[in-house]
Amino acid sequence: RERDKFGYYRHDPKDPDSLSSNFIFPIHADADGYAWIGTSGGGLNRFDWRTGEVVRYSNNPDNPNSLGSNSLLSIFEDGDGVLSIGTTNGLDRYNAISKTFTHFRREPSDPDSLSSNFVYSIHEDSAGYLWIGTSAGLDRFDKKTTQFTHYRSDPNDPATLSGAKPLALLEDNSGSLWIGTSEHGLNRFDPGTQRFTRYQHNARDEGSISSDSILSI
């Protein structure tokens with residue numbers, strides 16, 4: 001029986017057309033058939049499966065329209081075909097026509113700005129809002145107004161987000177948003193009531209969730 005074969009793609013410091021780094025995360029396949037490959041420290045790569053061509057995108061301090069950071073944490077393509085890129089220096093939105101990046105960062109003087117520059121997860125809901133998981137909590141991004149609404153944890157209010165650093169986001173068929181956090185369990189957000197329901201591990205309850213570290217949904 002013929003065996004499946006793997007093709008290997010690695011960073012080659014002598015080849016500017018190779019991957020920019022071997023430390024790869026995350027990866028997203030877009031609607032046009034390209035793979036967008038994020039790295040830790042090497043920026044972003046667009047890989048063409050058909051030809052093997054790699055196009056690199058990196059931060060250039062002299063170019064304000066370049067990638068905001070060379071360390072990526074998340075990549076998401078919305079219903080308009082626009083890539084949103086979560087980095088360690090904010091959220092970037094990529095314009096494929098001009099090949100430029102628009103940056104959204106935490107501005108302490110602006111309460112409607114991003115809550116934190118560490119963007120771990122991105123998801124679009126059925127209403128067209130982008131939900132952004134950051135190291136400070138959960139943000140809802142309005143693409144029309146470019147404003148962020150913040151949802152943070154309040155230890156005195158069990159109807160708030162259970163904790164920061166959402167790593168996984170998913171909207172279900174009923175319109176509820178599920179949020180998995182790195183250390184604080186699973187949450188279900190009701191957009192109608194604007195309240196969260198928490199699901200966390202309880203060692204004395206065999207029916208509780210098995211771990212508070214939620215990596216995917």
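Preceding block: the structure.
### Side note on the pairing of strand β2 (residues 34–39)
Argument step 1. Within β2, 5 of the 6 residues are buried, leaving the element largely enclosed by the surrounding structure.
Argument step 2. Inspection of the sheet shows strand β1 (residues 24–29) paired to β2 by 4 bridges, in the antiparallel sense. Note on β2: the bridge partner recorded for I27 is I37.
Argument step 3. Hairpin connection, β1 to β2: the antiparallel pair is bridged by 4 residues, and G33 has positive phi, about 95°.

### Describing the sheet that holds strand β12 (residues 147–151)
Pairing between the strands of a sheet comes from backbone hydrogen bonds, and it takes one of two forms, parallel or antiparallel.
Argument step 1. With antiparallel pairing, 4 strands are arranged side by side in an open sheet as β9-β10-β11-β12. Strands at the two margins of the open sheet, each flanked by one partner only, are β9 (119–124) and β12. In this sheet, neighbouring strand axes are inclined to one another by 25° on average, regardless of whether the strands run parallel or antiparallel.
Argument step 2. As defined by bridge partners, strand β11 (residues 137–142) adjoins β12 across 5 bridges and the pair is classed as antiparallel. Bridge assignment links R140 to a residue of β12, and that residue is T149.

### Digging into the pattern of salt bridges
Argument step 1. Tallying each qualifying case throughout the model produces 5 salt bridges.
Argument step 2. A salt bridge links R50 to D48; its shortest N-O distance comes to 3.0 Å.
Argument step 3. Judged by its relative accessible area of 58%, R50 is exposed.
Argument step 4. Between R93 and D78 there is a salt bridge, with the nearest N and O atoms lying 2.8 Å from each other. Of this pair, R93 sits in strand β7 (residues 90–95) while D78 sits in the loop between β5 (72–77) and β6 (83–87), and the two are 15 residues apart along the sequence.
Argument step 5. Salt bridges sharing partners connect three or more residues here, namely D78, D80, R93, E124 and K143.

### Looking at the sheet that holds β6
Argument step 1. Strands sit in the order β5-β6-β7-β8 across an open sheet of 4 strands; the sheet is antiparallel. The sheet terminates laterally at β5 and β8 (100–104), the two strands that pair on one side only. Within this sheet the neighbouring strands show an average axis-to-axis angle of 25°, counted without direction.
Argument step 2. Two strands pair when backbone bridges link them, and β5 and β6 are joined in this way by 5 bridges, in the antiparallel orientation. Note on β6: the bridge partner recorded for E77 is L83.

### A short note on the packing of aromatic side chains
Argument step 1. Within this structure, the stated rule accounts for 16 aromatic pairs.
Argument step 2. One aromatic cluster is present, built from ring pairs that chain together W36, Y57, Y94 and F101.
Argument step 3. Over the ring of Y34 we find R46, and its NZ or CZ is 4.1 Å from the ring centre.
Argument step 4. Note that R140 overlies the ring of Y129, its terminal NZ or CZ placed 4.1 Å from the centroid.

### Comments concerning a negative patch on the surface
Argument step 1. A cluster of acidic residues, D12, D15, D17 and E53, forms a negative patch on the protein surface.
Argument step 2. Mapped onto the secondary structure, D17 falls in the segment before β1.

### A word on the side chain of D78
Argument step 1. What makes D78 buried here is its relative accessible area of 6%.
Argument step 2. A polar atom in the side chain of D78 sits 3.5 Å from the side chain of K143.

### Side note on the layout of surface pockets
Argument step 1. Of the volumes computed, that of the largest pocket is approximately 410 Å³.
Argument step 2. Surrounding the largest pocket, 15 residues form its lining, F25, S74, Y120, S121 and L167 being those nearest its centre.
Argument step 3. Only β1, β5, β9 and β13 (166–171) provide two or more residues apiece to the lining of the largest pocket.
Argument step 4. Residue composition of the lining of the largest pocket, grouped by class: 12 nonpolar, 3 polar and no charged.
Argument step 5. Computed from the structure, the second largest pocket encloses a volume of approximately 240 Å³.
Argument step 6. As for the second largest pocket, its lining consists of 14 residues, and the residues nearest its centre are D30, D32, W36, Y94 and A96.

Conventions we followed
Residues numbered from 1 in each chain as written. Predicted model: local features only at pLDDT ≥ 70, side-chain atom pairs only at ≥ 80, totals over all residues. Heavy atoms only, no water. Buried < 20%, exposed > 50% of the residue type's maximum accessible area, 1.4 Å probe, protein only. Helix = DSSP H or I, 4+ residues; strand = E, 2+ residues; numbered from the N terminus. Pairing = 2+ DSSP bridges. Axes fitted to C-alpha atoms, helices over the stretch in contact; angles between N-to-C directions. Salt bridge = Lys/Arg side-chain N within 4 Å of Asp/Glu carboxyl O. Phe/Tyr/Trp six-rings, centres within 6.5 Å; stacked < 30°, edge-to-face > 60°. Lys NZ or Arg CZ within 6 Å of the ring centre and 35° of its normal. Patch = residues over 30% accessible without salt bridge, like charges linked within 9 Å, V, L, I, M, F, W, Y side chains within 5 Å. Areas by Shrake-Rupley, 256 points an atom, 1.4 Å probe, with all protein chains shown as cover. Lys, Arg positive; Asp, Glu negative; His and termini not counted. Charge placed at Lys NZ, Arg CZ, Asp CG, Glu CD. Polar contact = N/O pair within 3.5 Å; in protein donor to acceptor, adjacent residues only side chain to side chain. 1 Å grid on protein atoms, 1.4 Å probe; cavity = no way out; pocket = protein on both sides within 12 Å on 5 of 7 lines; lining within 4 Å. Points joined across faces, edges and corners; volume = space filled by probe spheres on them. Nonpolar A, V, L, I, M, F, W, Y, C, P; charged D, E, K, R; others polar.

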